[in-house]
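# Chain and residue survey
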Amino acid sequence: MQKNKLIELAIPHYRENQILELEHAIDMAAKAHSDQKRRSGEPYIIHPLTVANYLIEWGLDMDSVIAGVLHDTIEDTHLAVEDVEKHFGADVAFLVDGVTKVSKARSGMDSLDEYLPQTKDNLAKLIIAVSQDVRVIIIKLADRLHNLRTLKHTPPEKQVKVARESLDIFAPIADRIGMGQVRMEIEDIAFKHLDPKEYKKVQGMLKKRLGKSTKRLGAVRVELEKKLKEEGIKAEINGRIKTVYSLYRKLKKVNGDIDQIYDFMALRVIVGSKEDCYKVMGILHTMYEPELDRIKDYISQPKPNGYRSLHTTIKTPKDNKIVEFQIRTQKMHEYAEQGLAASFHYNQQKDSKKYAKRKDDSGVPKQLEWITELQKVAVRLGNDQAKPNEHLYLDLFEDTIFVYSPRGDIFSLPQGALPLDFAFLIHSDVAKRAHSFKVNDNIRAFNKPLENGDIVEVVTRENASPKKAWEALVTTHHARNKLRQQLRQMGIIETIGSAAAIIRRKALRQKSK
Ligand code: MN
C-alpha cells in the first residue's frame, strides 16, 4: 500500500479538506516510522497504510482512517498523544490513544492463559471496555487482520501465539460487535496457523461436499427465482459457503460425523423490505416442506450481537435433501457482514465529532447498548486507570460487571456480586480482615450488590476476622471456597462436612457422565 494509492481510494468518499488532512497524517506517520521495517523487510509504513485502507473499505469516517494511519506512532515512535492532538485534533488523538491502551491492556492479559476457554469471552468484553469508543475496536480489528494476513513473516512460535490470541479474543470481539466477515477471516487464518494439518483435512472435506451442494442448490435457486418473479418480489439470491473453521467446529459437535452436517452451503435471499422477508419465507414453505424446529426469526428477536435475518431449512421433494436459507434486507445484510462498523459509515454523512462526544446515543443497536454502557464505565474512571492487572480474576458467569479498586485496577465480577466477593478477588488476606466497605466513597452494607463501575474500597482492621454469617454474603465460587477454607482453618466449620460434600460432588459428576 502506497500513499498515492490510498489517497486515490479515499477521494471518492471524503471531502477535499479531509483528504488533505489524510495526506498530512500519512506524511507524519511515514516520517515517524522511517527507520523501522516490518518483519517482511518492507518499510513499516506499509502496515498503518494498509490498516487505513481496510478502514476506508469498511466505510469508516475520516477520523478513524487518520487514526488508523497513526495507530502505532504513540507506542513505537517518538510522537506523543499531544503531537497527534496538536495536528489532528482531540478526536483523532482520543482514538489513537485508545488503540495504544488496548495494546497495553492486551499484553497485561498474557498471564491469563491458564484460564478456561469460557473466560476468553470476558477478556473480549474487557478489551471492549478499555477501548472506550467502538471505533477503537474497529481500528484494532483492522490492525489484527493485517498482522494475521502477513503472519507468515513472523517466527513460528510467535505465529502460534498470535493465532491463539486471535481465535480466543479477537474473533469473539468481532462477533460481539457483529462484524461477521472479519470474524470469519480471523478464525480461518488463525486456525490454519494453529493446526495446519487439520485445516487441510477439513478444507478437503468441504471442497468435496461443496461440489454436490452446488448442483442441488442451483436447482432450488432457479425454482425460487421463478416463483418470486411471479409473486412480484424483487430479490437477489446468492450462496454462502461455510468457512473451514466453522465446519471444523461443527464437526466436533457431531463427533466428526460429516453426514449430520447439511449447511455446507446456504442460499441467501436479499430483499427490499422486512415484509418481503416474511413473504419469501411463506412462499418457500408452500414450495417445500420446512423443518419446523429449524425456523429462526432473528428479525423479531435479533441475536445478542445485533444480527437480523430469517433462517429456515427445507427438504427438496425429489431427493429429500436439506437446504438452508437466510432471508434478509440489504441493510440487515450489511450489518451481518460489517456489524457496528456499518453504523459509522461515511455514507450516513454523520459528523464524526458527534461520536467522540456522544456518551449516550450513537445509533448503536439496542442489543449492543451494553458496549456503550461498559465503555462509559471506563470513561468515568479517566484514562490511565482503566487497565487490567495481574490480580484480575474472571468468574465464569454470563453477565459480568466491572468494578475498580481505588487505585483504578479493573476487576470483573458476575452480576449480583457482593462487596465480600470483591474483597476475596483482591486477596484472601484482605478479605479476612474486612471490617467495612466503601463504594464510591460511601459506606456500603455487606449485603448490597455491587454495580458496574463502582469503585470499591475494602476497609480492613487488624483484629477483624471471617465469620460464619459471611457464607450468606458471598456469591462467587472463588469467594465461597476461600471463605470456607478460612472458616475451616479457624475451626468454625468442620472439615469432615466439606470432605463429604466433595465426595458427593464427585459422585454426582460421575453419574452425569
Ligand atoms: Mn499495528
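Preceding block: the structure.
Calculation rules
Numbers given to residues run from 1 along each chain, matching the order in which its sequence is written. Confidence filtering applies because this is a predicted model: local features only for residues at pLDDT of at least 70, side-chain atom pairs given and counted only at 80 or more, and all residues used for totals across whole chains, interfaces and linings. Computation of side-chain values: all heavy atoms of the structure, hydrogens and water removed. Each metal site lists N, O and S donors within 2.8 Å (3.2 Å for Na, K and Ca). With water left out of the atoms, a site can look as if it is missing ligands. In DSSP terms, a helix is any run of H or I states spanning at least four residues, a strand is any run of E spanning at least two, and both are numbered starting from the N terminus. With a 1.4 Å probe rolled over the protein chains alone, any residue whose accessible area is under 20% of its type maximum counts as buried; one over 50% counts as exposed, and the rest are partly exposed. The contact criterion used is simple: two residues touch if any of their non-hydrogen atoms lie within 4.5 Å. Every axis corresponds to a line fitted to the C-alpha atoms, with the helix fit spanning only the stretch in contact, and the corresponding angles, defined between N-to-C directions, vary from 0 to 180 degrees. What makes a crossing left-handed is the near helix being turned counterclockwise from the far one by less than a right angle; a clockwise turn instead makes it right-handed. Basically, the charged four are Asp, Glu, Lys and Arg, the nonpolar ten are Ala, Val, Leu, Ile, Met, Phe, Trp, Tyr, Cys and Pro, and anything else, Gly included, counts as polar. The pairing criterion is simple: DSSP has to find at least two bridges between the two strands. Neither His nor the chain ends contribute to the count of charged residues, in which Lys and Arg are positive and Asp and Glu negative. For this analysis, a salt bridge means a side-chain nitrogen from Lys or Arg found within 4 Å of a carboxyl oxygen belonging to Asp or Glu. The aromatic pairing rule takes the rings of Phe, Tyr and Trp, using the six-membered ring of Trp, and pairs them if the centres are within 6.5 Å, calling planes under 30 degrees apart stacked, those over 60 edge-to-face and the rest tilted. Criterion for a charge above a ring: Lys NZ or Arg CZ within 6 Å of the ring centre, and within 35 degrees of the ring normal. How far a helix is expected to stretch is found by multiplying one less than its residue total by 1.5 Å.

### Comments concerning the coordination of the manganese ion
Surrounding the manganese ion are the protein donor atoms His47 (NE2), His71 (NE2), Asp72 (OD) and Asp143 (OD), which sit 2.2 to 2.4 Å from the metal. All donors of the manganese ion belong to a single chain; written as a sequence motif, their spacing is H-x23-H-D-x70-D. A residue pair is termed long-range when its members are at least 10 positions apart, and histidine 71 in the loop between α4 (62-69) and α5 (73-76) and aspartate 143 in helix α8 (residues 134-149) qualify at 72 residues. Aspartate 143 matches histidine 71 in its accessibility class, with the two residues each being buried.

### Topic: the side chain of threonine 154
Along the chain, the position of threonine 154 falls in the loop between α8 and α9 (156-176). Setting aside its immediate chain neighbours within four residues, threonine 154 contacts Arg39 and Gln159.

### Side note on the packing of α8 against helix α10 (residues 180-194)
Their axes nearest at 10 Å, the elements α8 and α10 cross at an angle of 30°. Crossing geometry of α8 relative to α10 is assigned as left-handed. Contact residues: Leu141, Leu145, Leu148 and Arg149 in α8; Val182, Glu185, Ile186 and Ile189 in α10. Its residues placed into classes, the contact of α8 with α10 shows six nonpolar, no polar and two charged.

### Focus on unusual backbone geometry
The phi torsion at asparagine 440 lies on the positive side, around 50°, for a residue other than glycine. In this fold, asparagine 440 is placed in the loop between β9 (434-439) and β10 (442-444). Taking the relative accessible area as the measure of exposure, asparagine 440 reaches 32% and is therefore partly exposed.

### Focus on the packing of α8 against α9
Here α8 crosses α9 at 145°, and the two axes come no closer than 11 Å. Crossing of α8 over α9 shows left-handed handedness. Along the contact surface, α8 presents Ile137, Lys140, Leu141, Arg144 and Leu148, while α9 presents Val162, Glu165, Ser166, Phe170, Ile173 and Ala174. Residues of the contact of α8 with α9, tallied by class, amount to seven nonpolar, one polar and three charged.

### Regarding the pairing of strand β6 (residues 322-329)
Where burial is concerned, most of β6 is hidden: seven out of the eight residues are buried. Where strand β2 (residues 265-271) meets β6, six bridges bridge the pair, whose relative direction is parallel. Opposite valine 269, over in β6, you have isoleucine 327 as the bridge partner. The antiparallel pairing of strand β5 (residues 310-315) with β6 creates a hairpin that spans six residues between the two strands, and asparagine 320 there sits at a positive phi of about 60°.

### Concerning the sheet that holds β10
If you trace the three strands from one edge of the open sheet to the other, you get β10-β9-β11, paired in antiparallel fashion. On the outer flanks of this sheet lie β10 and β11 (456-460), each paired with one strand and no other. Pairwise comparison of adjacent strand axes, ignoring direction, gives a mean angle of 40° for this sheet. With three bridges joining them, β9 and β10 adopt antiparallel strand pairing. Directly across from valine 439, in β10, lies its bridge partner asparagine 442.

### Some points on the side chain of aspartate 421
Considering the arrangement of structural elements, one finds aspartate 421 in helix α17 (residues 419-426). Buried charge without a salt bridge: aspartate 421, with arginine 480 as the nearest opposite-charge side chain at an N-O distance of 6.7 Å. When neighbours within four sequence positions are excluded, aspartate 421 is seen to be in contact with Leu413, Val474, Thr475, Thr476 and Ala479.

### Things to note about the packing of aromatic side chains
Scanning the model with the defined rule gives eight aromatic pairs in all. On the basis of an interplanar angle of 35° and a centroid distance of 6.0 Å, the ring pair of tyrosine 245 and tyrosine 248 is categorised as tilted. With a gap of three residues between them, tyrosine 245 and tyrosine 248 both fall in helix α12 (residues 244-253), about one helical turn apart. On the basis of relative accessible area, tyrosine 245 is assigned to the buried category, the value being 10%. Sitting over the ring of tyrosine 44, arginine 38 keeps its end group 6.0 Å from the ring centre.

### Remarks on the environment of glutamate 457
In this fold, glutamate 457 is placed in strand β11. As a C-alpha pair, glutamate 457 and serine 436 span 21 residues in sequence and 8.7 Å in three-dimensional space. The residues contacting glutamate 457, other than those within four sequence positions of it, are Pro406, Ser436, Phe437 and Lys438.

### Overview of helix α2 (residues 16-32)
Between its first and last C-alpha, α2 extends 25 Å over 17 residues, near the 24 Å set by a 1.5 Å rise per residue. Along α2, the residues classified as buried are Gln18, Ile19, Leu22, Ala25, Ile26, Met28, Ala29 and Ala32.

### Describing the pattern of salt bridges
As enumerated under the stated definition, the model contains 24 salt bridges in all. A salt bridge links glutamate 187 to arginine 183, with the shortest nitrogen-to-oxygen separation between them at 3.3 Å. Of the two residues, glutamate 187 and arginine 183 are both situated in helix α10; the distance of four residues between them amounts to about one turn of the helix. The residues glutamate 187 and arginine 183 share a single accessibility class, namely buried. Ionic pairing is found between glutamate 225 and arginine 221, a salt bridge with its closest N-O pair at 3.5 Å.

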